[in-house]
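Residue-level structure breakdown
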Amino acid sequence: MDDRTDRQQPPPKPFGDFYRGKVVFVTGHSGFKGSWLATWLTELGAQVVGYALEPPTKPSVFEACRLAERITHLQADIRDFDRLQSSLQQYRPQIVFHLAAQSLVRRSFAEPHLTFETNLMGTVNVLEAIRAVDSVQAAVLITSDKCYQNVGWPWGYRETDTLGGYDAYSASKACAELAIAAYQDARFQQSVVPPRDLALASARAGNVIGGGDWALHRIVPDSIRAIVERRDLIIRHPDATRPWQHVLEPVSGYLWLAALLATKEAPYRTSWNFGPTEDRPVTVQALVKTILATWPAPSTRLVVERDPSEAESILLRLDCSKAFHHLHWRSTWTIERTLEATVEWYRHFYAQPHADHYPWTIQQIATFVQEAREQAIAWAQPQEALEGAAT
């Protein structure tokens, strides 16, 4: 008897085989979100070429997953146009994801010039460089939910709402969106020399959390550090709400969007929000209490020291109905499931801080994909879903 019939077949890959064998260029691959994206791409069979500065924190997902051993790792500055252009021409990618950025709001107050130079002109550098490389089929350029002019209303911002910002970080992201829109426009593409038909889209994600973020002045990393270091956790904006989501949520959206962009269908060449489906505000204080309940830490007390400063907006939400209706994308995990997975990743890391955490990270991605598939989310389905969505 042939026992092969009794073997369980592996589930189909999300996005079909779209990424298998493709050269995918990722700027900012050493950062938190970029590292998760690069890790997922390697599992999908892509040949990943990463272009970024050294990891912004130590430790980092990039080092924990030993990505330098698994992808082509170019340590370079997005502001260096000549190096960026020559790298793209050398590797001739089919797909580009642009995530390189100055991503910290607080740092933007100390270094506004650097913030604009990186977030605006870094984006223009990518747009101009890929325009000259005819191998590029599609590019997804990631900005931020903070590109919207935040007027504090209680409903979510839509892609057609006014862009703007009252700080260097938000304003620089709004400026990047305007640059992307110019390069997207068919009139611009046909007027430049040489003319080009390039499929571009921008992606605006809410606040991402997940295992492996060690950035300063972010609530989840601050909470984890307090737990590990057995000290109190101080929060200054307990009532602030954000569209919290696991890092895999927007990353799944970016991957799905790029695959659809490559079909050259015009409706995908626009801006897209990627945020949580749940329509319930979650405050900083509630988020931290859930983390402390998930990872009990008797030595860590939650201390509220309110900051009267209005440097950061209190209320910010996204309306992601456009992505739901036109991309057939929606978020997978509830905030409780998101925090459970996040804490699991950190606990696994701190149990063996010097181990290779790539297998564990891939396992979390596989779990996320399986739960998305059980919910019949389009991107998690096999190749037929991609073909159906593109028609």
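Everything that follows concerns the structure shown earlier in this document.
Predicted model only: the values in this text are computed from it and were never measured.

This brings us to the pairing of strand E10 (residues 271-274). Burial along E10 is two-sided: the face carrying Ser271 and Asn273 and the face carrying Trp272 and Phe274 are both buried. One ladder, built from four bridges, connects strand E6 (residues 199-205) with E10; its direction is parallel. Residue Ala203 lies in a different strand from E10, and its bridge partner there is Trp272.

One open sheet holds the seven strands; their spatial order is E3-E2-E1-E4-E5-E6-E10, and the pairing between them is parallel. The sheet is open, and its two borders are formed by strand E3 (72-75) and E10, each paired with just one other strand. Here the strands of the sheet are splayed against their neighbours by 20 degrees on average, with no regard to which way each runs. In the packing of helix H3 (residues 81-91) onto the sheet, the strands contacted are strand E1 (23-27), strand E2 (47-52), E3 and strand E4 (95-98), and the crossing angle to E3 comes to about 165 degrees.

Our next topic: the packing of H3 against helix H5 (residues 112-131). Close contact between H3 and H5 brings their axes to 9 Å; oriented N to C, the two are set at 35 degrees. Relative to H5, H3 is oriented so that their crossing is right-handed. On H5, the residues that touch Phe81, Leu84, Gln85 and Leu88 of H3 are Asn125, Val126, Glu128, Ala129 and Ile130. Per-class residue counts for the contact of H3 with H5 are six nonpolar, two polar and one charged.

Helix H8 (residues 219-228) sits mainly inside the fold: eight of its 10 residues count as buried. For H8, the full list of buried residues reads Ile219, Val220, Pro221, Ser223, Ile224, Arg225, Ala226 and Ile227. Considering only its buried residues, H8 is in contact with strand E7 (208-209), strand E8 (233-235), helix H10 (284-294) and helix H12 (335-351).

Another aspect to go through is the environment of Thr143. Relative to the helices and strands, Thr143 resides in the loop between strand E5 (138-142) and helix H6 (168-184). In the structure, Thr143 is positioned 95 residues away from Val48 in sequence and 21 Å away in space, judged by C-alpha atoms. Apart from the residues within four sequence positions on either side, Thr143 is in contact with Lys173, Ala176, Glu177, Ile180, Ala203 and Arg204. Separated by 2.6 Å, the side chains of Thr143 and Glu177 make a polar contact.

This part is about the packing of aromatic side chains. One pass over the full model with this rule turns up 23 aromatic pairs. Both rings, one in Phe15 and one in Trp256, keep their centres 6.5 Å apart while their planes meet at 40 degrees; by these two values the pair is tilted. Placement of Phe15 in the segment before E1 and of Trp256 in helix H9 (residues 248-261) is noted, with a sequence separation of 241 residues between them. Accessibility expressed as a relative area gives 1% for Phe15, which makes it buried. Looking at Trp256, the relative accessible area reads 0%, which means it is buried. Seen from their ring centres, Tyr148 and Tyr157 are 5.5 Å apart, and the 20 degrees between their planes marks the pair as stacked. Lying over the aromatic face of Trp272, Lys322 brings its terminal NZ or CZ to 4.6 Å of the ring centre. Above the face of the Trp333 ring, Arg337 is positioned so that its terminal group lies 4.6 Å from the ring centre.

Thresholds, definitions, all that
- Residues numbered from 1 in each chain as written.
- Predicted model: local features only at pLDDT ≥ 70, side-chain atom pairs only at ≥ 80, totals over all residues.
- Heavy atoms only, no water.
- Buried < 20%, exposed > 50% of the residue type's maximum accessible area, 1.4 Å probe, protein only.
- Helix = DSSP H or I, 4+ residues; strand = E, 2+ residues; numbered from the N terminus.
- Pairing = 2+ DSSP bridges.
- Axes fitted to C-alpha atoms, helices over the stretch in contact; angles between N-to-C directions.
- Contact = heavy atoms within 4.5 Å.
- Left-handed = near helix turned anticlockwise from the far one by under 90°.
- Nonpolar A, V, L, I, M, F, W, Y, C, P; charged D, E, K, R; others polar.
- Polar contact = N/O pair within 3.5 Å; in protein donor to acceptor, adjacent residues only side chain to side chain.
- Phe/Tyr/Trp six-rings, centres within 6.5 Å; stacked < 30°, edge-to-face > 60°.
- Lys NZ or Arg CZ within 6 Å of the ring centre and 35° of its normal.

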